[in-house]
Amino acid sequence: MKHAFLSAVILILFSFSTKAQSLAGVYKGFMEVDSPKNTINFEITLKEKKGKLYGYCYRLFVFGDTLYYNLLKVTGRVNNDMLIVEDEYSVSNNFEVETRGIRTAFFFNLKDVKDTATVLPGKWNTSAWRDYRPLTGAVYVLREKNYQNTELYKRLADKKLDAEMSF
């Protein structure tokens, strides 16, 4: 299933010929963790206000026998054909251990993307935390048109933050 999704992303990536003007929107896909090999469901919404990108991301993953989630406030910026999105703080999660201090940065290469309205591939990494080394991996997201049915927007609605991020 992951390989079919990745193949679709690559096919779509090379099939468009114009670059979109706005990165604002809702994207849905997955993060791949390099080591240990793992996949994390990933959703992100970005909005632009006064030339600055901001939004939220939602991560859903299984570790052991437990399903974990994390809703985070994020900021973004474009620098030399690179969209950089960084965690600001966790809005809500169900972690058993305090993880304050762990930051994740996403690097979406816009130079090779033909249609940013549809596809954003990239890489990500976390900061080092306590005695743990940083995690790294790849991220693949597609534009989500029916965004109000995403898990991200359900969590934003629970926190009364969905109106701020409506399109």
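As the structure is a prediction and not an experimental result, all values here were calculated from the model.

Caption draft 1: Highlighting the confidence of the model for the chain. This prediction gives the chain a mean pLDDT of 83; 84% of its residues lie at or above 70. When pLDDT is averaged over each element of the chain, helix α2 (residues 151-158) comes out on top at 95 and helix α1 (residues 2-15) at the bottom at 38. Segment residues 2-21: pLDDT under 50, and 33 contacts once partners within four positions in sequence are set aside and those in other chains are kept.

Caption draft 2: Fine view of the packing of aromatic side chains. Inspection of the entire model under this criterion finds eight aromatic pairs. Considering the side-chain rings of Phe106 and Phe108, the 6.4 Å spacing of their centres and the 15° angle between planes classify their relative orientation as stacked. Of the residues examined, Phe106 reaches a relative accessible area of 0% and is grouped as buried. Counting every residue linked through ring pairs, the aromatic cluster contains Phe42, Phe106 and Phe108. Its end group placed over the ring of Tyr69, Arg155 keeps NZ or CZ at 3.7 Å from the ring centre.

Caption draft 3: View of the sheet that holds strand β6 (residues 104-109). Taken together, the eight strands give a closed barrel; going around it, the order is β1-β2-β3-β4-β5-β6-β7-β8, and neighbouring strands pair in antiparallel fashion. Neighbour-to-neighbour, the strand axes of this sheet turn through a mean angle of 30°, independent of strand direction. The sheet contact formed by strand β1 (residues 25-33) and strand β2 (residues 38-49) spans nine bridges and is antiparallel. Looking at β2, one finds that Gly25 is bridged to Leu46.

Caption draft 4: Highlighting the pattern of salt bridges. Here the structure, examined in full by the defined rule, presents four salt bridges. Put simply, Asp87 and Arg59 hold a salt bridge, and the shortest N to O gap is 2.7 Å. On the criterion of sequence distance, the pair formed by Asp87 in strand β5 (residues 82-93) and Arg59 in strand β3 (residues 52-63) is long-range, its members being 28 residues apart. Owing to a relative accessible area of 5%, Asp87 belongs among the buried residues under this scheme. Residue Glu86 is joined to Arg77 by a salt bridge in which the shortest nitrogen-to-oxygen separation is 2.8 Å.

Definitions and cut-offs
- Residues numbered from 1 in each chain as written.
- Predicted model: local features only at pLDDT ≥ 70, side-chain atom pairs only at ≥ 80, totals over all residues.
- Heavy atoms only, no water.
- pLDDT = per-residue confidence, 0-100.
- Helix = DSSP H or I, 4+ residues; strand = E, 2+ residues; numbered from the N terminus.
- Contact = heavy atoms within 4.5 Å.
- Phe/Tyr/Trp six-rings, centres within 6.5 Å; stacked < 30°, edge-to-face > 60°.
- Buried < 20%, exposed > 50% of the residue type's maximum accessible area, 1.4 Å probe, protein only.
- Lys NZ or Arg CZ within 6 Å of the ring centre and 35° of its normal.
- Pairing = 2+ DSSP bridges.
- Axes fitted to C-alpha atoms, helices over the stretch in contact; angles between N-to-C directions.
- Salt bridge = Lys/Arg side-chain N within 4 Å of Asp/Glu carboxyl O.

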